[in-house]
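Structural description and commentary
Here is how the chains run, residue by residue.
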Amino acid sequence: MLPTFVIGLREGLEAALIVGIVAAFLSQEGRRDALRPMWIGVLVAILISGAVGAGLKLADNELPQRQQEGLETVIAFIAVGFVTFMILWMRKNARGLKGELHGAAATALAKNSTYALVAMAFFAVIREGIETAFFLTAAFDASEDPSTTGTGAALGIVVAMVLGYLIFRGGVKINLQKFFKATGLVLVFVAAGLVSSAFHTGWEAGWFEFGRGQALDLSWLVQPGTVTGALLTGMLGLQPKPAVIEIVGYLIYAAPMLAFVLWPTGRRMRGYTRAGASVAGVLLLILGLGACGSGDQTRSVKTAGPVAGANTVEVQISDEGCLPAKLSLPTGPTNFKVSAKGSGKATEYEILKGDRILGERESITPGLTATFSLDLAPGAYKSYCPNADREKGDIVVTGTAAPIAASDGAVELKAATVAYATYVDGQTEVLLDRVKAFVAAVKSGDIAEAKKLFPTAREPYEAIEPVAESFGDLDPRIDARVNDVAEGDAWTGFHRIEQALWKAKSLKGMSPMADQLLKDCEELASKAKGLTYQPAELANGATGLLGEVSKSKITGEEDRYSHTDLYDFRANVDGAQKAFELLEPALVLRDRALAATIAERFTSVDDALSKHERGDGFVSYTALTKADVRTLSQEIDALAEPLSKVAAAVVQR
Amino acid sequence: MGEGSSSAAQSGRGRVTRRGLLGGAVAAGSGLALAGGGYAVGGATADEAKPSPGLGTGRVPYHGVHQPGILTAQQDRLHFAAFDLISDRPEDLRELLRTWTVMAARLQAGLPAGPDAGTDLAPPVDTGEAVGLFASRLTVTIGLGPGLFTTADGKDRMGLNAKRPAALAHLPELPGDELRPELSYGDLCVQACADDPQVAFHAVRNLARAARGVAVMRWSQLGFGRTSSTSQAQETPRNLMGFKDGTNNITSEESKATLARHVLHDPADRNAAWMTGGSYLVSRRIRMLIEVWDRASLGDQEATIGRVKLSGAPLGGTTEREPLPLTEKDERGAPLIPENAHVRLAAPEVNDGIRILRRGYSFTDGFDPQLGQLDAGLFFLAYMRDPGRQFVDLQNRLGSQDALNEYIKHVSSAVFAIPPGIPDAPGRYIADGLFRS
């Protein structure tokens, strides 16, 4: 129970501290009316945190550690900004207040400043709240004894709130100027601690990779896993074993700010105000440079949850250090199942390659387990359990460089679906660009230009047609042919305009059609945004695209007026090929022969099709001989047959 | 042929156009009895002995000295397909033959084309239309065309030329040929015969599917009724001209020596020892000009064929299976069987003893939209030892002299080597000898 209590206390204290100070300040200034929005802000922050936790639980998912760290870093910097503002503001007002002139202070406390204070309380709570939500979700999911674990954490938070309340009470009673000075000092340390921890989480998010060496050992003072340790970390931002970057960040912020706060009042404040304000900017710049410097892509792919079919290894965090201290592992995807024992002073397990964190889990107190996955390449690694007696252990990964045998491709599949979503977004962007140009030509009555733009405007659409088809009547509205339209329904879309261009040879009445087409394409683009895909959907979509080719392109029925069917043919095949190429790394792991066959047959289709290229485009469908059509048709059949086996191959197991 | 027999035959004609032959024969009365007695009896016994199509529980064993579908008692339905090999890699061909062999053996046993994939994410391994149907005496016979060995411009396509059988060669241009190349030739063939047409179709469909990317279908032919018998237990069927066809066919009951001499690969061809036990298949799609034929008088029809239409007996004879009276003449000194009659020109007696094993089917591909006529005829299939000497000799004579040529057109032609059967042993597949060094 103690370990979770300490974590609850630590996370809760930072928030409680700031809320307490803000509340005390507002009370002192006779702005009790502003307390209401502050509490609403605090409540909203708590609710959001709770929702994040519940959302994660409902989605049966954990936010990947790396994203979590990134989020925390950003929020920390926002919080630093607000705390800094508060310090500067208090300093300015304390100078003018000279004692207990409540009325003047109240006047000085302009409306905007009130909101800034409210916002500060909000951000302080949400930052700690989300972190606590992550921790509690993991705790309830993985703990052998959720009630004890939860009680510990809840007690910690309650104690933090009590402390915050005491600060509030004390703050209300003492002299305002003293209060300002005292809280100003404390806040400088809190903010410096935030800067320091922002660098810590930023580094863990993989945004930069320098300054990771340990600078100091303060573990004699800030004993991890103890209440005093939690108080020191929570209130002063002190870490037991801060890294160089953390110390540097701490000092860069704290030194000028302390000087500013302690500087005798009434002298050259403006310069210092500016200096103080620019501190955050400098820090952000450093962080940004660091992020730019970490351009190299790690081979290891990291996911939050366990990966099916991967090698699983159980490791443990103990007071003595990471267990086992020496680990020998095979190459390939590996699930690290982390548990903890001991006093709870060490609660974090990381895998390092040099100074870079490849994977980690945090806040694993005794009784909890958590899992993370890495695709390990051969080489030497370190296990790292911060705050343990012996923090680092050795991991040696051996085996063939290509982790093919051990991997079942789950990691690759995940990457494929993510990349496919990007591809779809890219295609809808191109579609909108081209349709806009086409629509403009139609609306200006420029038949020649519209005819020229027609075949290529359709290409991005044809490449992702299965996606469009998933949205009910969007596909019919955009792409119906005349015989697809039911009696009484309006015929709209590309082919309606195609008929006007090639058959009626008049664009009369086509302006609304063109507008509708663009609108429908925009709807497609916005609906496709944020869609996620399953590997089987990619595979079946690819087969479906080839089905489209067989059904209407190869027969010349798609573009019956313009005879530009081969453009659509090309686009369908391209879309199928894209999906296949994304799935290929995973497929190679599961059915190498199938992957090779399909790749070869895509080439074969490409060759057959390229015979009919003219300039940037294709010959008219009417220029094809019967033998040409038959060859193309059979090439598609030859490709589609093995392609239809991909879905089962990538999903099975 | 006198008036009486002609009108007697005519009176029965309306009724014998279907398969209810016995009733027709009885109703035709005594005038028919002499001419059609053998036929009527034959019809009765065969009808009782034969299982109904679609209820064919019979299974033809796949493994053996010869491939099934040659000597097997001829089934009622056919689906034949010719393929072009689109890969030039011998390993692709080998893999295809291996796949086809496994599939053929499964299908003949009444099993699906492959084991169930166990997932609803993949297309079904078997296409499914034969589920619930019996094996229906299905046979799947696989053949290799000349194009597998030598390309059109004479190149050794896959390094297999040294093993090319001497008997496997494109047929020369023959008299009366009006071949359509898109319906002719082929590097591979699959002959699927069964008593249920859906079972035969199912076999070709699944084999074609398994071939995708390696071989593409070049042409295909359905046959809805057999026009020959390969067993003496079978009734001689009628072709679409209404005549009994292939009465003198080679049947499976004949001596090994006869089969060896006329049907099976010649072991003297040392280059192609892998073909020992195999045979050669000639396919001809013979379009009948049905509308023209139907306008011909019965006398003309019988003179054209050389047989009595209803009984199947040779002209001047009384029973179907009696020998052709090739030398006999009528009272005016004209041969009983005209010089240009089909049976005379096709008879072994006038062809240096040439015999072939016929396994043809009636077909219709529906309608000829160009002419507005029925598109129907005989899909001629025949197994033999050496097409260049047997079929070519026969067709040279028939194509130039046969009175039947007025009513038919040869529109498609192909020749295939039919490798021997394989024993039921692991790793064996059709034509595996071709790939052994």
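One can find the structure itself at the top, above this paragraph.
The following refers to the structure shown.

What counts and how
Residues numbered from 1 in each chain as written. Chains lettered and ligands numbered in written order. Predicted model: local features only at pLDDT ≥ 70, side-chain atom pairs only at ≥ 80, totals over all residues. Heavy atoms only, no water. Contact = heavy atoms within 4.5 Å. Buried area = accessible area lost by both parts, 1.4 Å probe. Salt bridge = Lys/Arg side-chain N within 4 Å of Asp/Glu carboxyl O. Helix = DSSP H or I, 4+ residues; strand = E, 2+ residues; numbered from the N terminus. Nonpolar A, V, L, I, M, F, W, Y, C, P; charged D, E, K, R; others polar. Core = buried A, V, L, I, M, F, W, Y, C linked by side-chain atoms within 4.5 Å. Buried < 20%, exposed > 50% of the residue type's maximum accessible area, 1.4 Å probe, protein only. Phe/Tyr/Trp six-rings, centres within 6.5 Å; stacked < 30°, edge-to-face > 60°. Pairing = 2+ DSSP bridges. Axes fitted to C-alpha atoms, helices over the stretch in contact; angles between N-to-C directions. Disulfide = S-S within 2.5 Å. Parallel < 35°, antiparallel > 145°, perpendicular 65-115°, else oblique. Left-handed = near helix turned anticlockwise from the far one by under 90°. 1 Å grid on protein atoms, 1.4 Å probe; cavity = no way out; pocket = protein on both sides within 12 Å on 5 of 7 lines; lining within 4 Å. Points joined across faces, edges and corners; volume = space filled by probe spheres on them.

Another aspect to go through is the interface of chain A and chain B. Residue-level contacts link 15 residues of chain A with 13 residues of chain B. Summing both partners gives a buried area of about 1100 Å² for chain A against chain B, and 50% of it is carried by carbon and sulfur. Three residues, R630, Q634 and E641 of chain A, lead the burial of chain A against chain B; their summed loss comes to 37% of the area buried on that side. Linking chain A to chain B there are three salt bridges. With a shortest N-O distance of 2.7 Å, E600 of chain A and R89 of chain B are connected by a salt bridge. Elements represented by at least two residues in the side of chain A that touches chain B include exactly α17 (535-553), α19 (592-610), α20 (626-643) and α21 (646-651) of chain A. With five residues, α20 of chain A is the largest single contributor of residues to the side of chain A that touches chain B. Partitioning the side of chain A that touches chain B into residue classes produces five nonpolar, four polar and six charged.

All right, on to the nonpolar core then. All names here are of chain A. If you look at the biggest cluster of nonpolar residues, it comprises 84 residues, and the most contacted ones within it are Y420, F438, I497, F569, L587, I598 and V646. In terms of residues, this core owes the most to one element, helix α11 (residues 410-443), which gives 13 residues. If we ignore the near neighbours within four places in the chain, the residues touching L587 are F580, R592, L594, A595, I598, V646, A649 and V650. Counting 55 residues, the second-largest nonpolar core is a separate cluster that includes A24, A124, V125 and V261.

Residues and elements named next belong to chain A. A full pass over the atoms with the stated rule returns 21 aromatic pairs over all chains. Measuring from ring centre to ring centre gives 6.2 Å for F454 and F494, while their planes differ by 75°; the resulting arrangement is edge-to-face. Here F454, found in helix α12 (residues 447-463), pairs with F494, found in helix α15 (residues 494-504); they are 40 residues apart in sequence, far enough to count as distant. Both residues of the pair, F454 and F494, count as buried.

All names here are of chain A. Pairing is mixed across the open sheet formed by five strands, whose spatial order is β4-β10-β9-β6-β7. In this open sheet, the two edge strands, each paired with only one partner strand, are β4 (326-330) and β7 (356-361). Across the sheet, the mean angle from the axis of one strand to that of its neighbour is 25°, orientation sign disregarded. With three bridges joining them, strand β6 (residues 349-353) and strand β9 (residues 379-384) adopt antiparallel strand pairing. Note that in β9 the partner of I351 across the bridge is S383.

We now examine the environment of F149 of chain B. Residue and element names in this part refer to chain B. By the element assignment, F149 lies in the loop between β2 (139-144) and β3 (188-194). According to the relative accessible area criterion, F149 is buried, its value standing at 0%. In this structure the C-alpha to C-alpha distance between F149 and A162, which are 13 residues apart in sequence, comes to 8.6 Å.

A few words on the state of the cysteines. Residue and element names in this part refer to chain A. The final tally for this structure, using the stated rule, is one disulfide over all chains. There is a disulfide in this structure between C322 and C385, and the S-S distance comes to 2.1 Å. In this structure the cystine formed by C322 and C385 twists about its S-S bond by roughly 125°; its chirality is therefore right-handed. Of this pair, C322 sits in strand β3 (residues 322-323) while C385 sits in the loop between β9 and β10 (392-398); the two residues are 63 residues apart in sequence, bridging distant segments of the chain. The exposure class of C322 is buried, given its relative accessible area of 0%.

All names here are of chain A. Here α17 crosses α20 at 155°, and the two axes come no closer than 9 Å. For the element pair α17 / α20, the angle class is roughly antiparallel. With respect to the hand of their crossing, α17 and α20 are arranged in left-handed fashion. Residues A542, T543, L546, V549 and S550 of α17 form the contact with α20, whose own contacting residues are I636, D637, L639, A640 and L643. Here the contact of α17 with α20 is composed, by residue class, of seven nonpolar, two polar and one charged.

Looking now at the environment of L374 of chain A. All names here are of chain A. Here L374 shows up in strand β8 (residues 369-376). A relative accessible area of 2% means that L374 is categorised as buried. Considered as a pair, L374 and G332 are 42 residues apart in the sequence and their alpha carbons are 8.0 Å apart.

What follows covers empty space enclosed by the protein. Evaluation of the coordinates by the stated rule reveals five cavities of 30 Å³ or more. Space inside the largest cavity adds up to approximately 750 Å³. Elements that contribute at least two residues to the lining of the largest cavity include exactly α1 (2-28), α3 (65-97), α5 (111-142), α7 (176-204) and α8 (227-236) of chain A. Of the residues forming the lining of the largest cavity, the biggest block, six residues, is contributed by α1 of chain A. Among the residues forming the lining of the largest cavity, the class breakdown is 11 nonpolar, 15 polar and 15 charged. Approximately 650 Å³ is the volume found for the second largest cavity. Lining the second largest cavity are 35 residues, with D245, H342, A346, R358 and L398 of chain B sitting closest to its centre. The set of elements that each furnish at least two residues to the lining of the second largest cavity consists of β6 (279-288), α9 (342-346), β9 (373-384), α10 (391-401) and β10 (408-418) of chain B. Per-element tally for the lining of the second largest cavity: the top contributor is α10 of chain B, with four residues. For the lining of the second largest cavity, the residue count by class is 20 nonpolar, nine polar and six charged.

At the junction of L323 of chain A and P324 of chain A, the peptide bond is cis and its omega measures out at -10° in the coordinates. Inspection of the secondary structure assignment puts P324 of chain A in the loop between β3 and β4. The residue K505 of chain A is not glycine, and still its phi comes out positive at about 55°. Take K505 of chain A: it is sitting in the loop between α15 and α16 (511-528). Its relative accessible area of 56% is what places K505 of chain A among the exposed residues. Positive phi values are uncommon outside glycine, yet D352 of chain B reaches one of about 55°. Here D352 of chain B lies in the loop between α9 and β7 (357-358). You can call D352 of chain B exposed: its relative accessible area is 72%.

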